[in-house]
Amino acid sequence: MAANKCGTTALGWASPNNRIYRDVLVYEQQPSLVRHYDGDKSQWSSSSWSSESANSSTSTLGVAAQQTTSSISTSTTPSPSPTTSSAAAPSTAAAVSSDLTSTSISSETSVTSSASASFSSQVSSSTSTISTTSQSSAAASSQPPISTSPVSASSSSSNGNTTNTETVTSTETLSSTTTLVNTITSVPDVSLTSLTTSQVQSATISVTQANTTGAVHTSLETSGHTSALPFPTPVFNATSTLSLVQTSTLTGAGPTATANVTTIQAGNIFVAIQTDAPPSQVTSRGDHPVPTLGIQQQQERLQTNKFYANFFLGDQTAGTWTHPYSVAWSKGTGETGSWGLAVSHIERDQLAGSNSRDPSLDAGQVGFFAAPVGIQSMVLSAAELDANSTLTTDTLTSFSVNVNLMARGAQNPTITFPLVQGMAFITGSYGGGTPMLQSGIGITNLTYAGAVVGNTTYKYRASLNDGFDWLIYVTPANAFYNENSFTLLTTGEIQGPSGFGGHIQLAKVPANSTDAENVYDASAGAYPTTASISGSVSGTSGSYTISWTKAGVTSQQLLMFALPHHMESLAYESSGGITDVQLITTTKGMATAIRGDSWTLDEPNLPIDMSFAPWSPELGSVVSVSAAAEDAINAAGYAELSQNISQQTNVGSLYYDGKALAKFATIIYTVNDIANNKSLALTGLALLETAFALHVNNQMQIPIVYDTVWGGAVSAGSYNGGSSGVDFGNTYYNDHHFHYGYFVYAAAVIGYMRPAWLSEGSNAAWTNMLVRDYANSVTDDEFFPFQRMFDWYHGHSWAHGLIETADGKDQESSSEDTMASYAVKMWGRISGDVNMEARGNLMLSVQQRSLGLYYLYLGNNTVEPADFIGNKVAGILFENKIDHTTYFGAEPEYIQGIHMLPQMPCSTLTRSKEFVQQEWDAYFGPQGIKPVEQVSGGWRGILMANLATIDPVNSYDFFSNSTGNFSVDYLDGGASQTWYLAWSAALGGSQAGSGKVRREAAEGRGKRTVSLVGDEDGFIGERSARGSLRSSRLRQRTRR
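Because the structure is predicted, anything quoted here is derived from the model rather than measured. (Residues numbered from 1 in each chain as written. Predicted model: local features only at pLDDT ≥ 70, side-chain atom pairs only at ≥ 80, totals over all residues. Heavy atoms only, no water.)

## What to know about the overall build of the protein
Looking only at helices and strands, the protein features 18 helices and 50 strands. Relative to its full complement of 1040 residues, the protein shows a buried share of 66%. As presented, the protein carries roughly 32,300 Å² of accessible surface, and 48% of it is formed by carbon and sulfur atoms. (Helix = DSSP H or I, 4+ residues; strand = E, 2+ residues; numbered from the N terminus. Buried < 20%, exposed > 50% of the residue type's maximum accessible area, 1.4 Å probe, protein only. Areas by Shrake-Rupley, 256 points an atom, 1.4 Å probe, with all protein chains shown as cover.)

## Overview of the packing of helix 6 (residues 654–674) against helix 17 (residues 977–989)
When two helices pack together, their arrangement is given by the angle between the helix axes and by the axis-to-axis distance. Between helix 6 and helix 17, the shortest axis-to-axis distance is 8 Å and the interhelical angle comes to 45°. As judged from the angle between their axes, helix 6 and helix 17 are oblique. Handedness of the helix 6/helix 17 crossing: left-handed. Within the contact between the two elements, helix 6 uses Thr666, Ile667, Thr670, Val671 and Ile674 and helix 17 uses Thr978, Trp979 and Ala982. Grouping the amino acids of the contact of helix 6 with helix 17 by side-chain chemistry returns five nonpolar, three polar and no charged. (Axes fitted to C-alpha atoms, helices over the stretch in contact; angles between N-to-C directions. Parallel < 35°, antiparallel > 145°, perpendicular 65-115°, else oblique. Left-handed = near helix turned anticlockwise from the far one by under 90°. Contact = heavy atoms within 4.5 Å. Nonpolar A, V, L, I, M, F, W, Y, C, P; charged D, E, K, R; others polar.)

## Focus: the packing of aromatic side chains
Under the counting rule described, the total for this entry stands at 43 aromatic pairs. Seen in terms of ring centroids, Phe958 and Phe966 are 5.6 Å apart; in terms of plane orientation they differ by 85°. Their pairing is edge-to-face. With respect to burial, Phe958 and Phe966 carry one shared label: buried. Ring pairing ties together the aromatic residues Phe270, Tyr544, Phe786, Phe790 and Trp792, which thus form one cluster. One cation-aromatic arrangement involves Arg940 over Tyr970; the distance from NZ or CZ to the ring centre is 4.7 Å. (Phe/Tyr/Trp six-rings, centres within 6.5 Å; stacked < 30°, edge-to-face > 60°. Lys NZ or Arg CZ within 6 Å of the ring centre and 35° of its normal.)

## So, the pairing of strand 23 (residues 390–394)
Most of strand 23 is tucked away, with four of its five residues classed as buried. As judged from the five bridges shared by strand 23 and strand 24 (residues 400–406), these two strands associate in the antiparallel manner. Along strand 24, the bridge assignment pairs Thr390 with Met406. Between strand 23 and strand 24, which pair antiparallel and follow one another directly, the connecting turn spans five residues, one of which, Thr395, has a positive phi of 55°. (Pairing = 2+ DSSP bridges.)

## A look at the packing of helix 10 (residues 814–831) against helix 11 (residues 834–854)
It is the contact of helix 10 with helix 11, at a shortest axis distance of 6 Å, that shows an interaxial angle of 160°. In this view, helix 10 runs roughly antiparallel relative to helix 11, as classed from their interaxial angle. Helix 11 is crossed by helix 10, and the crossing has left-handed handedness. From helix 10, Ser814, Asp817, Thr818, Ser821, Tyr822, Val824, Lys825, Trp827, Gly828 and Arg829 reach across to helix 11, where they touch Val834, Met836, Glu837, Gly840, Asn841, Met843, Leu844, Gln847 and Leu851. For the contact of helix 10 with helix 11, the per-class residue count stands at eight nonpolar, seven polar and four charged.

## Regarding the sheet that holds strand 19 (residues 326–329)
Taken in spatial order, the seven strands line up as 18-19-20-22-27-32-31 in an open sheet, and their pairing is antiparallel. Bordering the open sheet on either side are strand 18 (320–321) and strand 31 (487–490), each of which pairs with just one other strand. Two elements, strand 18 and strand 19, share two bridges in a ladder whose sense is antiparallel. Bridging across to strand 19, Thr320 finds its partner in Val327.

## Section: the nonpolar core
Ranked by internal contacts, the top residues of the largest apolar core, which has 132 residues, are Phe312, Leu419, Ile472, Ile504, Tyr520, Trp599 and Trp792. Residues in contact with Leu419, not counting those within four places in the same chain, are Phe307, Phe311, Val327, Leu341, Phe399, Ser400, Val401 and Val403. (Core = buried A, V, L, I, M, F, W, Y, C linked by side-chain atoms within 4.5 Å.)

## Topic: the sheet that holds strand 48 (residues 881–883)
Ordered by their spatial adjacency, four strands build an open sheet running 21-48-47-46, and the pairing between neighbours is antiparallel. Every interior strand has two partners, whereas the edge strands, strand 21 (368–370) and strand 46 (810–811), have only one.

## Notes on the pattern of salt bridges
Oppositely charged side chains can form a pair if their charged atoms are brought close together. Going through the model one piece at a time under the given rule, you end up with 18 salt bridges. In this structure, Asp287 engages Arg285 in a salt bridge whose closest nitrogen and oxygen atoms are separated by 2.7 Å. The exposure class assigned to Asp287 is partly exposed, which follows from its relative accessible area of 39%. If you follow the salt bridges from partner to partner, you end up with Lys459, Arg461, Glu517 and Asp521 in one network. (Salt bridge = Lys/Arg side-chain N within 4 Å of Asp/Glu carboxyl O.)

## Some thoughts on helix 11
The terminal C-alpha atoms of helix 11 lie 30 Å apart, and with 21 residues this matches the ideal 30 Å at 1.5 Å per residue to within 8%. The buried fraction of helix 11 is high, at 17 of 21 residues. By the N-cap criterion, in which a side-chain oxygen at the helix start approaches the backbone nitrogen of a residue two or three places on, helix 11 is capped by Asp833, the distance to Asn835 being 3.3 Å. (Expected span 1.5 Å × (residues − 1). Polar contact = N/O pair within 3.5 Å; in protein donor to acceptor, adjacent residues only side chain to side chain.)

## Remarks on the side chain of Glu879
Locating Glu879 in the fold gives a position in the loop between strand 47 (876–878) and strand 48. It turns out Glu879 is buried and unbridged, and the closest side chain with the opposite charge, Lys588, is 6.7 Å from it. Those residues in contact with Glu879 that lie beyond four places of it in its chain are Phe307, Trp321, His323, Thr586, Thr587, His794, Trp798, Asp807, Gly808 and Lys809. (Lys, Arg positive; Asp, Glu negative; His and termini not counted.)

## Considerations on the pairing of strand 42 (residues 704–707)
With burial as the criterion, each face of strand 42 is covered, one bearing Ile704 and Tyr706 and the other bearing Val705 and Asp707. The pairing of strand 17 (residues 284–285) with strand 42 spans two bridges and is classified as parallel. By the bridge assignment for strand 42, Arg285 is matched with Asp707. Across four bridges, strand 42 lies against strand 43 (residues 712–715) in antiparallel orientation. Bridge assignment links Asp707 to a residue of strand 43, and that residue is Gly712. Once strand 42 ends, the chain turns through four residues before running back antiparallel as strand 43, passing Gly711 with a positive phi of about 85°.

## Concerning helix 1 (residues 516–523)
Across the eight residues that make up helix 1, a large majority, six, are buried. For helix 1, the complete set of buried residues consists of Ala516, Glu517, Val519, Tyr520, Asp521 and Ser523. Immediately beyond the C-terminal end of helix 1, within one or two residues, lies Gly525, with a positive phi of roughly 95°.

## Quick word on the confidence of the model for the protein
Averaged over all residues, the pLDDT of the protein equals 81, while 75% of them reach at least 70. Between residues 1–183, whose pLDDT stays under 50, and residues either more than four places distant or in other chains, the model counts 565 contacts. In the model, residues 204–210 has pLDDT below 50 throughout and makes 37 contacts with residues more than four positions away in sequence or in other chains. (pLDDT = per-residue confidence, 0-100.)

## Topic: the environment of Met378
Here Met378 lies in strand 22 (residues 378–382). Note on Met378: relative accessible area 0%, which makes it buried. Counting along the chain gives 92 residues from Met378 to Trp470, while the straight-line C-alpha distance between them is 8.3 Å.

## Re the environment of Val651
Checked against the element boundaries, Val651 lands in the loop between helix 5 (645–648) and helix 6. For the pair Val651 and Gln701, spaced 50 residues apart in the sequence, the C-alpha separation amounts to 6.9 Å. Aside from chain neighbours lying at most four places away, what touches Val651 is Tyr656, Asp657 and Gln701.

## Structural notes on the environment of Asn697
On the secondary structure map, Asn697 appears in the loop between helix 7 (678–696) and strand 42. Residues Asn697 and Gln281, 416 residues apart in the sequence, show an inter-C-alpha distance of 6.2 Å.

## Points about unusual backbone geometry
Among all residues except glycine, the phi angle is most often negative; among peptide bonds, the trans geometry is most common. With an omega of 10°, the peptide bond running from His323 to Pro324 counts as cis. Here Pro324 lies in the loop between strand 18 and strand 19. With an omega dihedral of -10°, the bond running from Leu901 to Pro902 counts as a cis peptide bond. The phi torsion at Asp735 lies on the positive side, around 60°, for a residue other than glycine.

## Details of the side chain of Lys825
Looking at the element boundaries, Lys825 is found in helix 10. One buried charged side chain, Lys825, makes no salt bridge at all; its nearest oppositely charged neighbour is Glu837, positioned 5.0 Å away. Only 2.7 Å separates the side chain of Lys825 from the side chain of Asn841, close enough to count as a polar contact. Setting aside anything within four residues of it in sequence, one finds Lys825 in contact with Pro607, Ile608, Met610, Met836, Glu837, Gly840, Asn841 and Leu844.

Here you go:
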């Protein structure tokens, strides 16, 4: 398990004070439990937190620890300006305490409040004290960097700011008292207030409103994951002497198909790959270990890796991120105790993570950042919902789901929530219940704004204790419904008249926005229910269109939030709908609201010409290298193809098997097309085909089964009591694109080398089964869902399958994500499926754009927090946090390297020269955190292959051993010296015609010039004198 981070609050950011952490700690703003979570929901330990309000100075705690006395009144007062949002109060945030088994925290906080504070608690003595001082953070639309104010023991403030003191003990639990904890209370309709436009309801009944409870999950949830490295570690040596085939005796030997394409025409890239059942050797099972909890039957195959999966996993309460909002089933918990759907939006200054930097791992100023979960900004509920209510889901698609809350005994949902990625409103469709709108932050006043859409949709404005306004839009289905009678019962509850049919929508007003309400009003009443996608490719350009199905007041234009990569690629015809309404997301920067029922997005520079050969945007595909490099490649290829291929490709792991098959496929391609050694290539091809056939015939150690429950091809490893972590969670749909992408790539190479293979047996059908499993192109496939892994809204894949997770879906290796799309492209090309090839090209271009914003950070990145981008890569990207670590360990080469492997032609597409240079300087250069000379094992080879992007000569020197520093120990089980030699030589290390290659490399002190001389018969550098005779003879023996 990776080493992680946690800590205490400073300036609005939770600040870890050591690197190793195992827990989730929950910061509560009422005297209640601080909960410790060790990764298993059944294992909570308790500690207590208490707080006292002090004088009326500004709160310095990032969690806006306001305890306010509020009141209720039905008196009429003028409403504030409807076009501005009051956002001066501190934001609500979460803090995490130090890594202890049990903590007791006392905090004394001064707040500014329009209402008087009333709060009391009992505090006992403690053994150690941590003090933090911070200033109130006004809610704003800007993106401040993570605060890194230090946390010091027993410190105090002398500058007039309030000192927040956290007293920590190891075992003591404190008791405390408070005036009120919210309870769900409904009243008869006759007690509700009939309002006129602009009437304001404010509080007169004295209540102490508990602000919020926010949890920061600082540990990695390891269920379904293993601590195994992402490649087998043994060093493989030659086990036999190859008996080379005589190409003169073979008819039609060698490739007959071309791997080079410069243009594509595909009018519809979303055409079925295949419609048949999986091949008969793949048996079916209907006893998957994960049940379909609450999922209603549907014709379309179920999605396993989409944003809403938490609604049918675990206890169904973990969050779902639609961006910019998140939602979760309250299920009787939280500040409101509601049974409705809680809605949350987190501002940038609420993130936890300051002081989390480990200087041995993190080049950035922080090692992680995370948004607090469990804050109930607003809740859509009904009085009829209680402990006997149930949650179901239906219409699971790639972009959307319906979440239904059912009251006890109800035949139809009390409320249905159509959840769609990017939706501007959280919409609840009511089926006759009594609307209850609640807030864990607290509502200071409620204003009735009247009709905004003819006589169909009516608006309320709720001002919360954190200074933000939320808009409430009510669209009754019944013209006689008293839509003007929503009444503020307490600072935590609003009730509407009973028997409501229709829908209620919520939207947060951004800070400092003068036009947001007008923008929201113009789309209120309409809401999306699902989405579809279409796409085409012409020449080297591609485009895709996301179209939403609309319900409600369909005369209104939809309003949807776009992520930064959408804004970069939005087509001209869609750009007219851009508004100035923006809300920050948790991990994807600023979301921008766009009017329109569809978006078209353009990618004008598809990597159409990328093939099997080394490739870069500047050079294109390179198949010619120097004669010296050819010799080196041949020597390495002969040695590596003499290894036991069948042994390496059947180790009881689909992931490792696939990597090994892809490794040998790459070697075979390289010696054939780059080293021009057909005899050696076809000798290796015969061995590779035999190893691949073992998998096609499903005779490997752990076979594949077809899961009829969820609809997918999965490892049999976790059935019959096997743990969820077997083979990296493949049975649970973890990492399928990583695992199967290697197989698909290997199949493409085999089909390229011997096209007849494509029509033999079930080779093509079996490979297509894998593509359909992770990258299916249609929604009506009887056996597999549409695009299980790739998320066309986010622009990259999610690796996390059927395992509940507190911070949403996640993915570790951005480079293997890209490899999976590259495999789709190349299999489409070789198998003759031009639509698949075009789709793979478009996916690669979308990934190039999205990864450059969310995963791989140039110094000028403005999407992610400024304090984090110095880390250069995400580590693990979740929907709710980014953690610069890995699931298998915490070393710089692990964290950075998992975004490098495998080095393939697509690597230079997403990992630009500028990025690679910045990352190298920060981590592995002479002045980096861990210079490359200090890295051992397979990671050394990965780093040096990555170096070829910016310094191909140095990289080639290393792999050709001209420096004497190379060892086979530096090759991981999925990599080869053969490919690394070709890769570095083709990118400039030893190109064709380069008898002499000159390099100027800036390293450490100034520049140095190195001249490397090669000849036609030998290796370059130190190895040439010893290796020329053997190399020359090898070429003579194998070129027949």
